[in-house]
Amino acid sequence: MTTIDVTEAPVADAPAARRPRGGRRLGDRLLFGYVWLILIWLFLPIAVMIVFGFNDTQSKSNVTWQGFTLKWWGRLDEYPELLAAVRNSVLIALLSTVITTLLGTLMGLALGRYRFRGQGATNLVMFAAIASPELVMGASLLSLFISVGVQTGFATVVVAHVLFSLSFVAITVRARVIGLDRSIEEAARDLGASTWITFWRITFPMILPGVVSGALLAFALSIDDFVITQFTSGATQTFPLWIWGATRIGVPPQVNILGTLIFAVGVAIAVVNTVTARRRT
């Protein structure tokens, strides 16, 4: 009886294509370093703003580091006009965000779900509003208010911010609506749900991330807007306008502190939104 000696064949080396190449590693490292340089470049002004909120400056010009102090955090009330300007900015941003979110959500639903005459022109106008410089929109709105005899002030700033932010919200919601699975809504209707119940229990929860994203974008655009607000504010002072006026005599450290607080609130809202979205997913 003949026996056959079966030996284990040597395992072939992994294909060369699967091995990490030195050039690819270098490219990944360069890309990683480039991304971090861009992030540092973007966040460096914010870091300077936060740091100089603790500067123990002895003059009106807060541009030279003179030591660490916490005294400015307890002296925010030294500039009542500054606090009033911040309050105006927050109120304008909240009001314009609520109005813009309501109108933009309805527009996004209509543009993403239905086909109607003039839809192409509507999309063109929305993208043109986003692409056009704020200078053009601010000047045109000022001309409109003057032509109809409207006194510029708090209300006109709210209207201007709504018109400016509306396209951003509508496009964000529209993108979400286009990606919806219509079969889920059809299944709800087949099971006896009315149009209203289907919208609130099926459609709205599915487009809610887009609505929240659009609302946050509208709030961010409104609270730091300067150009359009400058044209339509009249005697109303907002936070950016107050800073612009203060640059001629020196920006106090309280501006850095209030800017830090606004930035912290924005970061907190973004973190909560991200965590909520991940949990929902």
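Quantities reported herein were computed from a predicted structural model and do not represent experimental measurements.

Draft legend 1. Molecular detail of the overall build of the protein. In terms of regular secondary structure, the protein is built from 10 helices and 0 strands. Helices and strands in the protein line up, N terminus first, as α-α-α-α-α-α-α-α-α-α. What you see for the protein is a C-alpha radius of gyration of 27 Å, clearly larger than the 19 Å of a compact globule of 281 residues, by over 25%. For the protein, the spread of C-alpha atoms along the three principal axes comes to 110 × 65 × 35 Å. Here the protein holds 281 residues, and 32% of them are scored as buried. In the protein, 71% of the contacts between residues at least 6 apart in sequence involve partners at least 24 apart.

Draft legend 2. View of the side chain of T156. Relative to the helices and strands, T156 is located in helix α5 (residues 154-178). Every residue in contact with T156, bar those within four places of it in the chain, is listed here: F145, V150, Q151 and T232.

Draft legend 3. Here's a closer look at the packing of helix α6 (residues 182-190) against helix α7 (residues 195-223). Here α6 crosses α7 at 150°, and the two axes come no closer than 10 Å. When the interaxial angle is binned, α6 and α7 end up roughly antiparallel. Handedness of the crossing formed by α6 with α7: right-handed. Across from I184, E185, A188 and R189 in α6, the residues of α7 making contact are T195, T198, I202, T203 and M206.

Draft legend 4. Main features of the nonpolar core. W72, L76, L82, A85, V86, F239, W242, A246, V255, I257 and L258 form the largest nonpolar core, which has 11 residues in total. Counting residues per element, the ones that place at least two in this core are α2 (80-113), α9 (239-246) and α10 (253-280). Counting residues in each nonpolar core, the second largest holds 9 residues, with V169, V173, M206 and A218 among its members.

Draft legend 5. Fine view of the packing of aromatic side chains. With the rule as written, the count across this model stands at 12 aromatic pairs. With centroids separated by 6.5 Å and ring planes inclined at 35°, the aromatic side chains of W196 and F199 adopt a geometry described as tilted. Of this pair, W196 and F199 both sit in helix α7, 3 residues apart, roughly one helical turn. Judged by its relative accessible area of 59%, W196 is exposed. Under the relative-accessibility criterion, F199 is labelled partly exposed at 22%. An aromatic cluster of three or more residues is present, and its members are W196, F199, W200 and F204.

Draft legend 6. Broad picture of the side chain of T105. You can see T105 is positioned in helix α2. For T105, the side chain forms a polar contact with the main-chain oxygen of T101, separated by 2.6 Å. For T105, the contacting residues outside a window of four places in its chain are T100, V169, V173, I207 and V211.

Draft legend 7. Up close: the pattern of salt bridges. Counting across every chain of the model gives 4 salt bridges. A salt bridge links R75 to E78; the shortest N-O distance between them is 2.5 Å.

Draft legend 8. Spotlight on α7. When the terminal C-alpha atoms of α7 are compared, their 36 Å separation across 29 residues is substantially less than the 42 Å that a helix rising 1.5 Å per residue should span. Along its length, α7 shows its largest kink, about 50°, at F204, and proline P205 lies within four residues downstream of that point. Every buried residue of α7 is listed here: T198, T203, M206, I207, G210, V211, G214, A215, A218, S222 and I223. Looking at the buried positions of α7, the neighbouring elements they touch are α2, α5, α6, α9 and α10.

Draft legend 9. Main features of the environment of V51. Position of V51 among the secondary structure elements: in helix α1 (residues 22-51). For the pair V51 and I223, spaced 172 residues apart in sequence, the C-alpha separation works out to 22 Å.

The rules we used
- Residues numbered from 1 in each chain as written.
- Predicted model: local features only at pLDDT ≥ 70, side-chain atom pairs only at ≥ 80, totals over all residues.
- Heavy atoms only, no water.
- Helix = DSSP H or I, 4+ residues; strand = E, 2+ residues; numbered from the N terminus.
- Rg over C-alpha atoms; globule rule 2.2 N^0.38 Å.
- Buried < 20%, exposed > 50% of the residue type's maximum accessible area, 1.4 Å probe, protein only.
- Contact = heavy atoms within 4.5 Å.
- Axes fitted to C-alpha atoms, helices over the stretch in contact; angles between N-to-C directions.
- Parallel < 35°, antiparallel > 145°, perpendicular 65-115°, else oblique.
- Left-handed = near helix turned anticlockwise from the far one by under 90°.
- Core = buried A, V, L, I, M, F, W, Y, C linked by side-chain atoms within 4.5 Å.
- Phe/Tyr/Trp six-rings, centres within 6.5 Å; stacked < 30°, edge-to-face > 60°.
- Polar contact = N/O pair within 3.5 Å; in protein donor to acceptor, adjacent residues only side chain to side chain.
- Salt bridge = Lys/Arg side-chain N within 4 Å of Asp/Glu carboxyl O.
- Expected span 1.5 Å × (residues − 1).
- Bend = angle between axes of the 7 residues up to and from the residue.

Geometric values such as these leave the question of function open.
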